[in-house]
Amino acid sequence: MSSEKPIIELRDVGKTFQSADGELVALEGVNIGIDEGDIFGVIGMSGAGKSTLVRCINLLERPTTGSVIFDGQDLTAMTPAELRASRREISMIFQQFNLLMQRTCLKNICFPMEIAGVKSEDAKKRAMELLEIVGLQDKANAYPAQLSGGQKQRIAIARALASDPKVLMCDEATSALDPTTTRSILALIKDINDRLGITAIIITHEMAVIEEICSHVAILDGGRVAEIGRVEDIFSNPQTEAARKLVYPDGMPVSFLKSERVVRIAFNGGSSYEPLIASLAIDCGVKVNILGADTRNVGGKAFGTMLIGLPNDPDEAEKAVAYICRQRDVTCEEVEYSHD
């Protein structure tokens, strides 16, 4: 649960790389604030700058311009020793797990504690506690090669928690997993966020991941922040073309629709369990055609749009529009289209 106190702030961050063809601008003028305890998503198409942004947050890449503030301290102004200490509070998990194949699961989790100088017995005790948190206490003596992809990621999460971090960064952490396993890993991250209060940053190219777990999101496009805000606000009313492409990737072309009058309904966060079209038929006796829809359930709330074809009878059509307009968290507008 967010405390509305920024734990990470990117202030006018830019990153330029030198290449044989000249300068490549990977990030430009990025301003992002991530509240303590939040689950914050960063999403964009391939090449949007997500990977560079991740590496700038923990200064694996030093920004060309701007500053990165972590827990009130400017990482870009730290000495190497200070930076190493701060990095221990920002753990990462990756798409490919990055486990040490020659070590057991228990010893994989102990590894960062060994580096930090934790006593062996204390490290093992903590590692067993972390195995219990991720639900794999029976895999302590197993090797990574004996695990499924989802189990490997759970061990990677346990290892990331071994340094008692304040922030857990997940860089495409579910991209290699099937949908069911992805949901279980996201549920685990949410549980860790709830139980331990650790801030989570989710870097992904999948909107399904954002809507499943994140409360806030920044949409990157061409190295810049195209849109930033609460997930439900951006889903209900994307303001930029970059956001619209991600929220409605398939679009809803109206050039093939056959009804004489077409209305676009926007669902702006009402209950996802209220069947609007069925209610329209029952309450008003008016039947409409669903011509296209792109809606999502985000936290039990409905977001997205639907196109419906109205009855040819003008009175029936007006009755339907009036009914829809009376509903909470719903707006509608008539749209023009071509018969070609």
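Everything discussed here concerns the structure shown above.
Residues numbered from 1 in each chain as written. Predicted model: local features only at pLDDT ≥ 70, side-chain atom pairs only at ≥ 80, totals over all residues. Heavy atoms only, no water.

A. Region of interest: unusual backbone geometry. Its identity is not glycine, yet Leu59 carries a phi of approximately 60°, on the positive side. On the secondary structure map, Leu59 appears in the loop between α1 (50–57) and β4 (65–70). (Helix = DSSP H or I, 4+ residues; strand = E, 2+ residues; numbered from the N terminus.)

B. How the structure looks around the pairing of strand β2 (residues 22–35). Across 10 bridges, strand β1 (residues 6–19) lies against β2 in antiparallel orientation. Residue pairing in the sheet places Phe17 in a bridge with Leu24 of β2. (Pairing = 2+ DSSP bridges.)

C. Molecular detail of the layout of surface pockets. Put simply, the largest pocket is a space of about 740 Å³. What lines the largest pocket is a set of 21 residues, among which Arg87, Arg88, Ile90, Ser91 and Pro112 lie closest to the centre. Elements with a contribution of two residues or more to the lining of the largest pocket: α2 (80–87), β6 (90–94), α3 (105–115) and α5 (149–161). Looking at the lining of the largest pocket residue by residue, the classes come out as 13 nonpolar, 4 polar and 4 charged. (1 Å grid on protein atoms, 1.4 Å probe; cavity = no way out; pocket = protein on both sides within 12 Å on 5 of 7 lines; lining within 4 Å. Points joined across faces, edges and corners; volume = space filled by probe spheres on them. Nonpolar A, V, L, I, M, F, W, Y, C, P; charged D, E, K, R; others polar.)

D. Expanded view of the side chain of Glu227. Among the structural elements, Glu227 can be located in strand β10 (residues 224–230). Of the polar contacts made by the side chain of Glu227, one reaches the backbone nitrogen of Gln239; its length is 2.9 Å. At 2.8 Å, the side chain of Glu227 forms a polar contact with the side chain of Thr240. Setting aside residues no more than four positions away along its own chain, Glu227 makes contact with Val217, Ala218, Ile219, Ile234, Asn237, Pro238, Gln239, Thr240 and Ala243. (Polar contact = N/O pair within 3.5 Å; in protein donor to acceptor, adjacent residues only side chain to side chain. Contact = heavy atoms within 4.5 Å.)

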